[in-house]
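What follows is the residue order along each chain.
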Amino acid sequence: MTGLHGIPVRSETPADPALRGNAIPILHEVRHALERLIATGESTCIDLSSIPFGPGDEERLTAGLGTGEVRAVIDALGPTQVHETAIPGVWLVDYHNAEGERLALHIEIASIPEILRTQPEDLATAIAALDARLEPDQGAPRLQS
Amino acid sequence: MTKANKTLGESLREHGVSRRGFLKFCAATASMMALPPSMVPAIAAALEKARRPSVIWLSFQECTGCTESLTRSHSPTVEDLILDVISLDYHHTLQAASGDAAEAAREQAMKENHGSYLLIVDGSLPGPDSNPGYSTIAGISNYDLLMEAVEGAAAVVAVGTCAAFGGLPAANPNPTGAVSVMDLVKDKPVINVSGCPPVPMVITGVLAHYLTFGKLPELDQYHRPKAFFGQSIHDRCYRRPFYDKGLFAESFDDEGAKAGWCLYRLGCKGPSTYNACATMRWNSGTSWPVESGHPCLGCSEPRFWDAGSFYAPLSVPTGANGGTILAAGVTGAIVGGAVAALARKQVKAERADRQPVTVDELEQKL
């Protein structure tokens, strides 16, 4: 067993979660960020690991945001799952390491999350990478003619 | 260029890590340092140029719980931390070398990185006036080992409540004359990462901060990094709204406990404890003591072990504990009840003196 998921013990969810309601303030913060995005184009990123969530708060927040049309998985230093919520411009970016443990969970309010863009540093090596594939002697995977 | 001279950016690129992977690493690092995601570009720029610092880790009067905590750190993994982010040149428990070879590695790292290495200490140590025989490594007293290593260190990180404040070894009656690192080190920056043990991500967060910015983070009056110890457990507790509503669990199995109400009356030290448990949590973010139904013990605060019962509310004077009442009762039965009467009088007086903390007072205090 590499993680804790195999242990069949879970925190008991309090009977009346409405008494806490830590998810609602985040939804209001998202609303403010959306207003900023629409008015000025400025994107916002909220790190949910710094929020004092209780049992069930994260589930209530994600349920409140719903699921949208786009899903993507980035395979770099472990999987990162990105999906647009039912609110256009509001994205959930879930970073995991190679062992499947969560590194961070962000809500990005942007036209497109930053990590989905091709980064300028990677783009700078793009021509050389393609050239290497066009040259059969460079050891790179050869293109079929 | 040797591995030690390469920047982190160069090292990661050589390992085939893409820019996206690097940004992800930076996002996790920002989260670990309790910095906002808007800092990720600045962290990326700094980490791109960062070089691996040499780290020497000394363990004194401790239980190895702090190292256990570090090796449970998942963000990034400790393997990443050791191999790519820091150069851990000496650590009794984690290094492969032992005996003379281990001590030679320590001496070599101290010589080669004189003036620039980071010294991490876990455990308290017998003070200069104590019997050095209480704790030695390779025949050298903890005190001599520390002072020798401090001389060439850029800074000292005291990991765990024992190193930071004396902890359990220094608890009454402190048989070994244990003292903390900051009791002895006055001419070098000391940063305390307290907790019994500290939250693993706080340990790595402090190292990541040093690596990223080349300096130590802002500290509170106990030399703890404000990013992690700047707010009380109580302020960041998800049960805080129950406190504000006056809804308290009165026992561990009553309806209030089952409903997840505030644990203040069961002895929770959250209002006077500063730590990051409420947001960073434990065991890969699974839970933390209050979430699992137990009051905070206040383990990241000085003298937490001697600060009265773990299960007495903060508003009860520390002298009025069950032990006093029970002991007084037993003795009183033998000597005709005089001492018991005295104890009862004392408890009565303490009850009269008891000053429950109101929300307003707490807000002012915090």
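Just so we're clear, the structure is a prediction, and the values are computed from it rather than from any experiment. (Residues numbered from 1 in each chain as written. Chains lettered and ligands numbered in written order. Predicted model: local features only at pLDDT ≥ 70, side-chain atom pairs only at ≥ 80, totals over all residues.)

Before going further, it helps to spend a moment on the overall build of chain A. Of regular secondary structure, chain A possesses four helices and five strands. Mapped from its N terminus to its C terminus, chain A presents α and β elements in the order α-β-α-β-β-β-β-α-α. Taken over 145 residues, chain A has a buried fraction of 28%. The long-range fraction of contacts in chain A, counting pairs at least 24 apart against all pairs at least 6 apart in sequence, stands at 43%. (Helix = DSSP H or I, 4+ residues; strand = E, 2+ residues; numbered from the N terminus. Buried ≥ 20, exposed ≤ 12 C-beta atoms within 10 Å, placed from the backbone. Contact = placed C-beta atoms within 7 Å.)

Residue and element names in this part refer to chain B. Across the sheet, five strands lie side by side as β2-β1-β3-β7-β9; this open sheet has parallel pairing. Whereas interior strands pair on both sides, the edge strands pair on one side only; in this sheet they are β2 (87–91) and β9 (190–193). Neighbour to neighbour, the strand axes of the sheet diverge by 20° on average, direction disregarded. As paired strands, strand β1 (residues 54–59) and β2 are joined by four bridges and run parallel to one another. What sits directly across from Ser 54, in β2, is Ser 87. Across the sheet, helix α6 (residues 99–112) touches β1, β2 and β3 (117–122), and the angle it forms with β2 is around 135°. (Pairing = 2+ DSSP bridges. Axes fitted to C-alpha atoms, helices over the stretch in contact; angles between N-to-C directions.)

This next bit is on the sheet that holds strand β1 (residues 44–47) of chain A. Pairing is antiparallel across the open sheet formed by five strands, whose spatial order is β1-β5-β4-β3-β2 (chain A). Each of the sheet's edge strands pairs with one partner strand only, and the pair in question is β1 and β2 (71–75) of chain A. Neighbouring strand axes in the sheet, compared pairwise and without regard to direction, differ in orientation by 20° on average. Note: β1(A) against strand β5 (residues 102–109) of chain A, four bridges, orientation antiparallel. Its bridge partner being in β5(A), Cys45(A) is matched across the sheet by Glu108(A). Across the sheet, helix α1 (residues 23–40) of chain A is in contact with β1, β4 (90–96) and β5 of chain A; its angle to β5(A) comes to roughly 50°. Packing against the sheet, helix α2 (residues 19–32) of chain B makes contact with β1, β2, β3 (79–84), β4 and β5 of chain A, and its axis sits at approximately 95° to β5(A).

Here the focus is helix α3 (residues 40–49) of chain B. Residues and elements named next belong to chain B. Listed as buried for α3 are Val 40, Ile 43, Ala 44 and Leu 47. Within α3, the buried residues cover an arc of 100° as seen down the axis, which keeps them to one side. For α3, the elements touching its buried residues are α1 (8–14), α2 and α10 (200–213). (Arc of directions from axis to C-beta.)

The subject of this paragraph is the domain arrangement of chain B. Residues and elements named next belong to chain B. Taken domain by domain, chain B holds domain 1 (48–229), domain 2 (233–314) and domain 3 (316–366). Between domain 1 and domain 2, the C-alpha centre-to-centre distance is 28 Å. Listed per partner, the contact involves 15 residues of domain 1 and 14 residues of domain 2. For the side of domain 1 that touches domain 2, the per-class residue count stands at ten nonpolar, five polar and no charged. (Domains from an automatic or database assignment. Nonpolar A, V, L, I, M, F, W, Y, C, P; charged D, E, K, R; others polar.)

Side-chain direction in a regular strand flips from residue to residue, so the side chains alternate between the two faces of the sheet. Residues and elements named next belong to chain B. Most of β1 is tucked away: six of the six residues are buried. Alignment of β1 against β3, held across five bridges, turns out to be parallel. Its bridge partner lying in β3, Val 55 is registered against Leu 118.

At the interface, 34 residues of chain A touch 34 residues of chain B. Broken down by secondary-structure element, the contributors of at least two residues to the side of chain A that touches chain B are β1, β5 and α3 (120–123) of chain A. At four residues, the largest contribution of residues to the side of chain A that touches chain B is made by β5(A). Here the residues of the side of chain A that touches chain B are counted per class, giving 16 nonpolar, ten polar and eight charged.

All names here are of chain B. Formed by 116 residues in total, the largest nonpolar core has its most connected members in Cys 26, Ile 56, Leu 119, Val 121 and Ala 158. When residues of this core are assigned to domains, at least three map to each of domain 1 (48–229) and domain 2 (233–314). Those residues in contact with Ala 158, other than ones at most four positions away along the chain, are Val 121, Ala 163, Ala 164, Ser 180, Val 181, Met 182, Val 190, Asn 192 and Val 193. (Core = buried A, V, L, I, M, F, W, Y, C linked by C-beta atoms within 7 Å.)

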